[in-house]
Structure formats: structure tokens, C-alpha cells
Amino acid sequence: MESSREMVVSHQDSRVDWRGRPSNPLKHGGMRAAAFVLGLQGFEIMGIAAVGNNLITYVINEMHFSLSKSANIVTNFIGTVFLLALVGGYLSDSYLGCFWTVLIFGFVELSGFILLSVQAHVPQLKPPECNMLSDSEQCVEAKGLKALIFFTALYLVALGSGCVKPNMIAHGADQFDQDHDPKQSNKLSSYFNAAYFAFSMGELIALTLLVYVQTHSGMDVGFAVSAAAMALGLLCFISGTFLYTNKRPQRSILTPIAQVVVAATLKRKQVCPSDPRMLHGSHSKEPISDNHVSNNFSNIQPTQRFRLLNKACIKDGNNKMESPWRVCSVEQVEQVKTLISVVPIFSCTIVFNTILAQLQTFSVQQAASMNTQIPHSTTFHIPPASLQAIPYLMLIFLVPLYDTFIVPFARRITGHPSGITPLQRIGTGLLLATLSMISAAAVEHKRRNSNITLTVFWIAPQYLVFGVSEMFTAVGLLEFFYNRPSAGVQSRSFLTAITYCSYSFGFYLSSLLVSLVNKVTTSPHSSGWLSDNDLNNDRLDLFYCLLAVISFLNFLNYLFWSRWYSRPDHDSGTLKLAGRIPPDHHHNMYSFNHAV
């Protein structure tokens with residue numbers, strides 16, 4: 001009974017229930033509460049995946065944009081969704097908290113789905129009907145009010161989804177208090193796998209049932225079903241209100257970063273004292289008990305990595321109180337170092353998401369140029385966008401098997417709560433992404449040179465390999481960023497949002513590559529690799545080969561940075577808490593190289 005009271009007290013500083021009172025871990029949080037968040041995640045991805053994965057078909061056939069312009073519209077839309085995740089993470093950590101951020105922007109996303117459905121249903125809000133394949137010169141591209149309505153609806157969805165995504169993940173993970181109970185690390189790892197399972201289920205339903213509805217009942221009905229899915233997700237999320245443990249919004253993560261940079265710049269000519277205890281905030285007079293590790297890292301020693309920033313902690317000789325813009329604590333400086341250290345890891349996943357962009361744009365058109373008829377069936381044809389469901393159909397079986405059998409087995413060997421470290425998962429995914437592009441290039445080369453129309457199942461391997469790749473990379477990246485203990489618990493939504501920026505930059509890079517490749521390969525005697533609306537005249541196979549080369553070089557680059565990140569001067573020396581490293585930190589010796 002006494003231990004239960006201590007657990008409740010430990011939550012008072014940052015964890016509260018729906019009324020703002022200190023949460024009780026016996027009543028709030030855990031997988032029971034996280035299940036409602038997983039419900040929202042499944043329904044939300046169901047709604048937006050049905051829109052995003054078949055959007056290129058709608059933009060070409062209904063809005064009458066060209067193939068290359070349509071591909072850029074789709075990639076820019078998806079890129080904006082993930083870039084706006086930073087806004088959602090910032091608002092959550094600084095002002096609203098995860099719960100209210102998800103709720104408010106969930107309704108913004110819902111309004112965008114409804115507006116898309118209305119425009120698709122009302123003929124006066126769209127350009128006149130025509131066939132872009134056979135009569136593209138006569139088709140009128142959407143302009144003026146029609147284009148305004150379309151892009152307004154599209155970017156309402158982007159704003160809502162972008163702000164919801166990182167906070168869904170963070171709010172679900174917040175239900176597991178690993179900061180005060182190290183045993184929760186295993187449950188947190190299972191939650192991330194369960195979150196990817198919910199994601200896979202949502203994608204699978206979106207790419208089969210919802211895309212089928214869009215294809216056979218019209219895009220207006222399809223958009224309406226997406227709106228209904230989002231409404232059900234919000235209802236599910238609200239139903240768990242009484243069970244959630246919520247973290248209070250803290251100070252902005254951007255202000256401390258700016259203070260460290262300014263203070264280090266002002267004192268750049270000073271010399272750091274040889275005794276690190278002379279630095280501001282390097283030790284605390286408050287004792288730390290043997291059975292409890294303080295979560296505020298008050299007894300922290302400065303590391304030598306990015307040691308120029310340590311000058312921000314130099315105290316003036318007088319005992320006057322200095323401005324926080326002139327002197328910062330060691331803890332604050334180490335937080336900034338952590339954020340800088342993860343930038344190379346984050347950057348290496350951008351190319352991975354550039355490859356993902358191709359599977360949602362050009363690969364859909366690739367499937368449309370193949371035989372989509374089911375063997376031994378004369379009537380049923382597979383919607384091209386539904387080919388993206390293949391990896392998720394596999395993953396709904398693979399993810400539970402991975403979490404139930406592979407993780408416990410690997411855990412006994414490595415001692416890591418997740419079986420293998422997040423950096424090892426990311427590296428495995430990056431290598432598999434290269435193999436996916438090699439498969440895509442080989443299939444496209446065969447399709448172009450075949451005397452018969454190939455069955456659409458030829459492109460299944462590239463989706464299957466990339467699906468497994470995404471399971472490793474996406475989950476590994478989320479777990480890696482969420483578990484940055486020295487970044488401070490107040491920044492976890494923002495750090496989770498950073499992972500989605502990788503998607504954003506990847507899709508923007510895709511748009512840039514398409515435009516750049518077209519420009520470089522266009523000559524007076526031939527058009528560019530991707531400049532025609534007909535893939536038979538384009539050279540998509542060469543574009544895929546280029547991406548395979550870029551992806552493999554990116555993997556080699558990742559190996560270098562993962563080794564750099566995992567050097568002893570970064571991990572073992574980062575947090576020295578009263579002479580001890582917190583238990584949670586022993587699980588963050590991330591090196592992909594440990595696995596090879």
C-alpha cells in the first residue's frame with residue numbers, strides 16, 4: 001500500500017488525469033488506456049491513406065493535372081502532412097498537451113475530408129469530364145475557385161493529420177511510465193509494435209475496401225467514407241478520456257536551444273574551467289537516494305562532444321544572478337547536444353522516404369499499365385492503388401509474430417528490451433529499401449520489353465520488401481527518438497514529430513528529383529525520363545536504378561553515423577547522475593554495427 005502511495009506522489013509533477021489531478025498508475029495509463037489511442041491511429045490512417053494513396057488518380061482524372069504535376073501535388077501534400085508534425089509537437093509540448101492537440105486538430109482533419117467529398121460530389125466544383133489518356137489536350141485543368149477549394153480541403157487534411165500524428169504516438173507512449181518504472185520499457189516496446197500493427201490494419205483496409213469503394217462508387221463516396229473513419233477514430237479516442245494519464249505541457253523546447261546558442265556565442269573566447277563542477281548546474285546539493293534515480297538529471301557532468309557549447313555554462317566570477325541568455329545549466333546544454341547528435345541519424349532516413357514516395361505515385365501508374373485482372377476471373381480487376389495493401393496484409397501477421405517470438409528470443413541474447421536496438425532496426429530497413437528499388441527497376445525493365453501485358457502481381461515483390469523495410473525503419477525511428485532520456489521528458493512530442501519530418505523531406509526530395517531528372521535528361525531529340533503521361537515512353541526503370549544507387553550510398557553513410565553516434569564518448573559519458581548512469585540509459589547503446 002505504501003509503495004502505491006509513493007508511485008502516485010512521483011506522478012504529481014507531470015502526470016495528471018482528465019481533471020488535472022495527479023494521476024494514479026493503478027487507475028490510469030497502461031495498455032488499457034493506450035488501446036483507445038491505437039483505435040484512433042487505425043481509423044485515422046485508414047482515412048488519410050485512402051485519400052493519399054489514390055490521390056494521384058483523382059488529381060489526374062478529375063482535376064486534369066499532368067502526370068508529373070500530379071505526382072508532385074501528391075508528394076508535396078504528403079510532405080506537408082509530415083512537416084506540419086513539428087507544429088503539432090511544438091503546440092503539444094508548449095501549450096496544449098497531447099490530448100487537446102489530438103482532439104482539436106482531429107476535427108480540422110475531419111473538416112478537410114468532408115470538403116473533399118463535397119467537391120467530388122458536386123460537378124460544378126470540378127472541371128468538365130474528359131479522358132486524360134486519350135484526349136488529354138482537350139482536358140481543362142482545375143483553376144480558380146475549383147483549384148482553391150481542392151487545395152484548401154487537401155491542406156486542411158494535411159494540417160489536421162500533421163498535428164495529430166506525432167501526438168497520437170506520444171500520447172499512447174505516455175501511458176507507460178518508464179521514467180519511474182524501468183519494467184515499463186518492455187511494455188513500451190510492445191506498444192510501438194502494436195502501433196505499427198494498427199497502422200498496418202488501417203492501411204490494409206484503406207488500400208482494399210476504401211480504394212475499391214473509390215474506384216467503383218466514385219471518389220465522392222470514397223472521401224465520405226474517409227470522413228466517417230476519422231469520425232469513428234475521434235469517438236474512440238474520446239471514449240478513453242477517463243483512463244488517460246496526461247503529461248502537462250512544459251516550456252518550449254526552442255527557447256532553451258536558443259539560450260544555449262546565444263550564451264555559448266557570447267562566451268566563445270572564454271576558457272572552460274578544468275574542474276567541471278565549476279560549471280553552472282553541474283552538481284546539486286540535493287541528495288539522491290540509492291533506490292531512486294532522479295528524472296531531472298540534476299547531477300550531470302558535461303561531455304566532450306560539441307564541447308564548444310560547454311562554454312554556455314561558464315559562470316562569471318561575481319556571485320550576481322546572470323540572465324538565462326548568458327549562462328545555462330549543464331543539463332540544458334546536454335539536451336541541445338542530444339538534439340544535434342540525432343540529426344545525422346534522422347537525415348539518413350530521408351532517402352528511405354523518397355523511395356516510399358515512388359511506391360505511392362509512379363508505382364501506382366506502373367500497376368495501371370499492367371493486367372489488373374484476377375486470374376481465372378473475367379470481371380474482377382484489382383484497383384492499382386490496392387497493390388500497396390500487399391505489404392500490410394503480410395505485416396498484420398508478421399508484426400505480432402515479431403513481437404511475440406522474435407523480440408523475446410533476441411532479448412535473451414542481447415539484453416535489450418526491444419530485442420535489437422532501434423539503430424539496428426533502422427539500418428536493416430535502409431538496406432531492404434535498396435533491394436526494393438532494385439526489384440522495382442527489374443520489373444519495370446521487363447514490363448517495357450515484354451511482348452505481352454504482364455500481370456500486376458509482378459510488382460508485388462517491391463511492395464513486399466519495402467513493407468518489411470518500413471516495419472524496421474519506421475518503428476525503430478519512433479522508438480529511437482522517444483527514448484532520448486537526456487532530451488528531457490517535456491520534448492517527447494516534439495522529438496516524435498521530428499521523425500515525421502523525415503517523411504516530409506523525403507517526399508519533397510522526391511519532387512525535386514523528378515523535376516531535376518526531367519531537366520537533366522531532356523534534350524532536343526528526346527523527352528525526359530519522366531516527362532510523358534505514358535510510362536511506355538518514359539524511362540521509369542532508369543529512374544528506379546538511380547534511386548537504388550542513391551539508397552545504397554545512403555545506407556553506407558548511415559553505417560558511419562551510427563558508429564559515430566554510438567562511440568563511448570557519447571553514450572557512456574553523457575549522463576553521470578551521482579556517479580551512476582540511469583537504468584533506462586543502458587538500453588540506449590545504439591549501434592547498427594553491433595549486429596554485423
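Every value quoted in this text rests on a predicted model; they were computed, and no experiment measured them.

Criteria and cut-off values
- Residues numbered from 1 in each chain as written.
- Predicted model: local features only at pLDDT ≥ 70, side-chain atom pairs only at ≥ 80, totals over all residues.
- Heavy atoms only, no water.
- Helix = DSSP H or I, 4+ residues; strand = E, 2+ residues; numbered from the N terminus.
- Buried < 20%, exposed > 50% of the residue type's maximum accessible area, 1.4 Å probe, protein only.
- Areas by Shrake-Rupley, 256 points an atom, 1.4 Å probe, with all protein chains shown as cover.
- Polar contact = N/O pair within 3.5 Å; in protein donor to acceptor, adjacent residues only side chain to side chain.
- Contact = heavy atoms within 4.5 Å.
- Core = buried A, V, L, I, M, F, W, Y, C linked by side-chain atoms within 4.5 Å.
- Axes fitted to C-alpha atoms, helices over the stretch in contact; angles between N-to-C directions.
- Parallel < 35°, antiparallel > 145°, perpendicular 65-115°, else oblique.
- Left-handed = near helix turned anticlockwise from the far one by under 90°.
- Nonpolar A, V, L, I, M, F, W, Y, C, P; charged D, E, K, R; others polar.
- Salt bridge = Lys/Arg side-chain N within 4 Å of Asp/Glu carboxyl O.
- Expected span 1.5 Å × (residues − 1).
- Patch = residues over 30% accessible without salt bridge, like charges linked within 9 Å, V, L, I, M, F, W, Y side chains within 5 Å.
- Phe/Tyr/Trp six-rings, centres within 6.5 Å; stacked < 30°, edge-to-face > 60°.

Our focus in this paragraph is the overall build of the chain. Within the chain one finds 18 helices and 2 strands. With 596 residues in all, the chain has 55% of them scored as buried. About 25100 Å² of surface is accessible on the chain, with carbon and sulfur atoms providing 63% of the total.

On to the side chain of Thr349, then. Relative to the helices and strands, Thr349 resides in the loop between helix H10 (330-347) and helix H11 (350-359). A polar contact is formed between the side chain of Thr349 and the backbone oxygen of Phe346, at a distance of 2.7 Å. Ignoring any residue separated from it by four or fewer positions in sequence, one finds Thr349 in contact with Ile426, Leu430, Thr473, Leu477 and Ser502.

A separate point is the nonpolar core. As a rule of thumb, soluble globular proteins bury nonpolar side chains together. Grouped together as the largest cluster of nonpolar side chains are 137 residues, with contacts concentrated most on Leu55, Phe77, Phe150, Tyr191, Phe192, Tyr196 and Phe543. With residues up to four places along the chain from it excluded, the contact list for Phe150 reads Leu55, Tyr58, Val59, Met63, Ile73, Leu116 and Gln119. Ranked by size, the runner-up nonpolar core spans 12 residues in total, among them Ala263, Ala264, Leu279 and Val330.

Turning next to the packing of helix H14 (residues 422-449) against helix H15 (residues 460-482). Here H14 crosses H15 at 160°, and the two axes come no closer than 7 Å. With respect to H15, the axis of H14 lies roughly antiparallel. The handedness of the crossing between H14 and H15 comes out as left-handed. Residue classes in the contact of H14 with H15 are distributed as 18 nonpolar, 8 polar and 2 charged.

What follows covers the pattern of salt bridges. Taken as a whole and assessed by the stated rule, the structure comprises 7 salt bridges. The salt bridge involving Glu141 is made with Lys69; its shortest N-O contact spans 3.4 Å. With Glu141 in the loop between helix H5 (85-121) and helix H6 (144-173) and Lys69 in helix H4 (residues 67-83), this residue pair connects regions lying 72 residues apart in the sequence. Between Glu334 and Lys337 there is a salt bridge, and its shortest N-O distance comes to 3.2 Å. Of this pair, Glu334 and Lys337 both sit in helix H10, 3 residues apart, roughly one helical turn. Look at Glu334 and you get buried, because its relative accessible area is 2%. Residue classification places Lys337 among the buried residues on the basis of a relative accessible area of 3%.

With 23 residues, H15 should cover 33 Å at 1.5 Å per step; its first-to-last C-alpha distance of 33 Å lies within 8% of that length. For H15, the tally of buried residues reaches 20 of 23 residues, placing the bulk of the element in the interior.

Taken together, the side chains of Leu431, Val549, Phe552, Leu553 and Leu556 define a hydrophobic patch exposed on the protein surface, amounting to about 440 Å² of accessible area. Among the elements that make up the nonpolar patch, the one with the highest residue count is helix H17 (residues 540-565) (4 residues). Tracing the sequence through the fold places Leu553 in helix H17. Looking at Leu553, the relative accessible area reads 52%, which means it is exposed.

Moving on, we get to H11. Residues lying three or four places apart along an α-helix face the same way, a consequence of the helix completing one turn every 3.6 residues. Most of H11 is tucked away: 10 of the 10 residues are buried. Taken as a whole, H11 has its buried residues at Ile350, Val351, Phe352, Asn353, Thr354, Ile355, Leu356, Ala357, Gln358 and Leu359.

Topologically, Asn167 is positioned in helix H6. One polar contact links the side chain of Asn167 to the main-chain carbonyl oxygen of Cys163, over a distance of 2.8 Å. The contacts of Asn167, once residues within four sequence positions are left out, are Gly88, Gly89, Ser92, Cys98, Thr101, Val102 and Ser493.

What follows covers unusual backbone geometry. For residues besides glycine, phi is generally negative; the peptide bonds are generally trans as well. One non-glycine residue, His64, adopts positive backbone phi at about 65°. For His64, the location among the structural elements is in the loop between helix H3 (55-61) and H4.

Now for the packing of aromatic side chains. The tally for this structure, following the rule as stated, stands at 21 aromatic pairs. A ring pair is formed by Tyr90 and Tyr95, whose centres lie 6.0 Å apart and whose planes are at 75°; its orientation type is edge-to-face. Accessibility expressed as a relative area gives 54% for Tyr95, which makes it exposed. With a centroid separation of 5.9 Å and 75° between ring planes, the pair formed by Phe346 and Phe505 is classed as edge-to-face. Of this pair, Phe346 sits in helix H10 while Phe505 sits in helix H16 (residues 492-521), and the two are 159 residues apart along the sequence.

Okay, the packing of helix H2 (residues 30-52) against helix H8 (residues 219-239) next. Geometrically, a packed helix pair is captured by the angle between its two axes and the distance between the axes. The contact between H2 and H8 brings their axes to 8 Å, and the two run at 165°. Considered as vectors, H2 and H8 are oriented roughly antiparallel to each other. Along this stretch, H2 crosses H8, giving a crossing that reads as left-handed. Contacts from Phe36, Val37, Gly39, Leu40, Phe43, Glu44, Met46, Gly47, Ala50 and Val51 in H2 reach Phe223, Ser226, Ala229, Met230, Leu232, Gly233, Leu234, Cys236, Phe237 and Ser239 in H8.

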